[in-house]
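# Structure assessment
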Protein chains: 2
Amino acid sequence: MPPPHGVRWKWAPAARAESVGSTAEFDLIERIRRRAATRDDVVLGIGDDAAILQPPPGQQLVVAMDTLNTGVHFPEETAPADIGWKALAVNLSDLAAMGAMPAWCTLSLSLPHSDAAWVDAFLDGFLGLAQMHGVALVGGDTTRGPLSVSVTVHGFVAPGLALRRDAARVGDEVWVSGTVGDAAGALAQWTSGQPVASGLRDRLDRPTPRVALGRALVGLVHACIDISDGLAADLAHVAQASGVSIDVHAPALPASEALVKAFDVPRRMHLQATGGDDYELCFTAPGASRAALVRIASEMAIPLTSIGTVTAATAQLRLLDAAGRPWVPSRAGYEHFSG
Amino acid sequence: MPPPHGVRWKWAPAARAESVGSTAEFDLIERIRRRAATRDDVVLGIGDDAAILQPPPGQQLVVAMDTLNTGVHFPEETAPADIGWKALAVNLSDLAAMGAMPAWCTLSLSLPHSDAAWVDAFLDGFLGLAQMHGVALVGGDTTRGPLSVSVTVHGFVAPGLALRRDAARVGDEVWVSGTVGDAAGALAQWTSGQPVASGLRDRLDRPTPRVALGRALVGLVHACIDISDGLAADLAHVAQASGVSIDVHAPALPASEALVKAFDVPRRMHLQATGGDDYELCFTAPGASRAALVRIASEMAIPLTSIGTVTAATAQLRLLDAAGRPWVPSRAGYEHFSG
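Description of the structure in this document. Since the structure is predicted, the reported quantities are computational estimates derived from the model, not experimental observations. (Residues numbered from 1 in each chain as written. Chains lettered and ligands numbered in written order. Predicted model: local features only at pLDDT ≥ 70, side-chain atom pairs only at ≥ 80, totals over all residues. Heavy atoms only, no water.)

### Comments concerning the sheet that holds strand β8 (residues 173–177) of chain A
Residues and elements named next belong to chain A. The strand order across the open sheet formed by six strands is β9-β11-β8-β12-β10-β13, and the pairing between neighbours is mixed. The strands lining the two open edges of the sheet, one partner per strand, are β9 (224–226) and β13 (316–320). Ignoring strand direction, the axes of neighbouring strands in this sheet form an average angle of 25 degrees. The sheet contact formed by strand β10 (residues 245–249) and β13 spans five bridges and is parallel. When the sheet's bridge partners are listed, D247 is paired in β13 with R318. (Pairing = 2+ DSSP bridges. Helix = DSSP H or I, 4+ residues; strand = E, 2+ residues; numbered from the N terminus. Axes fitted to C-alpha atoms, helices over the stretch in contact; angles between N-to-C directions.)

Structure below.
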């Protein structure tokens, strides 16, 4: 039996070797601390019992927390830099979906054993993405356990302006950014033992949180969500939270060239409608916002595609085929999303 | 091989059955959402991509994040209610050590399989403690994986008044709340297969975060830390962060009756000096604060014991015996903390 109980090795850099293992573990904590960037609004970062932060006056705080477990949320063979990137990306995507400006994060990293090279590579991905968004890593802990990464992100939004799931209105158009189904396509190829197309694999391992887009949508759109569980599942959340019905025109779902090349039409449409892990933004907007959305798409070089409409107040999602008939993705499990 | 990749089942109560398992999993998420209390400053709690919170004007935000893994931070046989309690308690203890007022928390719960009864019992402990401290659970996620609980807590403190590790001053007295070594005593008994004394087991399974005490210490004390890794290790952090030397009079360390009864003197003193998981507060204070501290101890019915002094600016911790000679706990691993 392994030792039933250990003592956490925390951020504080002072070395302590009792019971939890080697001083190498403390070396890697100090390694994290040294590499973490700071910001002017971080009063006290890594190294105390808690971080002290100065929220900007007059703003609301937006907080999201997501965990990635090995073998569940990423294949065990995933490169540590990709795990680091993705652990932060999925959290930043939640802030993007709220229209929030990211500021701080905390990281809880469980590792089966101390491995400085692994942590270095993990930090390359994690802190690389943090730097791109001006996010400071301000605390957390590192513990022994099966590989698992928990991240909490903090951002700001002006009062009342956050993009929520419950704000869709009858008459809105439904939009999605980028292309959908790529991450699920990569996973399908990987699971079946095929070579994974590089354009798809990148979408699975290195998702792009649409932070700037989310900020740009504030004031223009009504409801917004990020696609983490699959477009149909996530839009069903919007329909339910908003008490509306949403019709999605399945053939309108945007596909990447790589996805079109890799799958036949029925399989591709299934991946686009139900595949998770894309981290694109899906939102509803009044017709009056259309011109502004087209301009944003052009300026940011992010495709924005109109895929459906908010039709009536019955809290459901319908997927429609090219002829406007209800369409059910071929795999089981989505019956309750169709009309 | 288990499925290499799954889709997270998130807080949103809308059911989705694809790939992650049964609808029971969503029942339990909805169960968590229904039981979570709220507060006036929670603009939007569980159920969207992120929580929206309204920090009080003019306050600093204090954030801590700790993870507990099964078999590492608690014995696998631990009751789910105790796991829930402890996961929040260790985090609230970090806020207590900063002198912060707790407000919000997020919870990331990894479970090997959906088990509504287990989650109910877990919530009894977690939300029971949250309610005692007026803390609202505002978000997080639930995922499949080995049993692991990550919690992020948020609290407030007036600008510049947080209790930090780096604030000890030469001439301060060193104090500790309650008694130390009890949790480690329980663990020692459990590990060796003995019956665990009930007075000790409660300290291991249901630690009391000293939140009100931490608040009361603001303005009276200099440095403060909570004892999670063991008094010697944690005070060494204070010595290092503050650039001071600390002498602790080992025989002065307060012991519970249960600990005195269960262990001989050398073993007990070792547990008191090095045992983790007590979550008492250890702090340094000027002599001018002594009368106020004695009054606080009386009013709160929490023993506060003077155990040492801050002596010189050399960033070390010395443990001293009754005769004032350096004393080294008998077990290996603490050489670098003695003088």
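### Here's the deal with unusual backbone geometry
Of note in the backbone geometry, D277(A) takes a positive phi value of approximately 75 degrees without being a glycine. Of the residues examined, D277(A) reaches a relative accessible area of 8% and is grouped as buried. (Buried < 20%, exposed > 50% of the residue type's maximum accessible area, 1.4 Å probe, protein only.)

### A word on the packing of helix α4 (residues 182–191) of chain A against helix α5 (residues 198–205) of chain A
Residue and element names in this part refer to chain A. Where α4 meets α5, the axes come as close as 7 Å, and the angle between the chain directions of the two elements is 110 degrees. Here α5 runs roughly perpendicular to α4, going by the angle between their axes. Contacts between α4 and α5 involve D182, A183, G185, A186, L187, Q189 and W190 on the former and, on the latter, L200, R201, R203 and L204. Of the residues belonging to the contact of α4 with α5, the class tally is six nonpolar, two polar and three charged. (Parallel < 35°, antiparallel > 145°, perpendicular 65-115°, else oblique. Contact = heavy atoms within 4.5 Å. Nonpolar A, V, L, I, M, F, W, Y, C, P; charged D, E, K, R; others polar.)

### Considering the pairing of strand β12 (residues 304–312) of chain A
All names here are of chain A. Relative to β12, β8 runs antiparallel, the two sharing five bridges. Note that in β12 the partner of V174 across the bridge is G308. When β10 meets β12, the two strands line up antiparallel, connected through four bridges. For I246, the partnering residue across the bridge sits in β12 and is V310.

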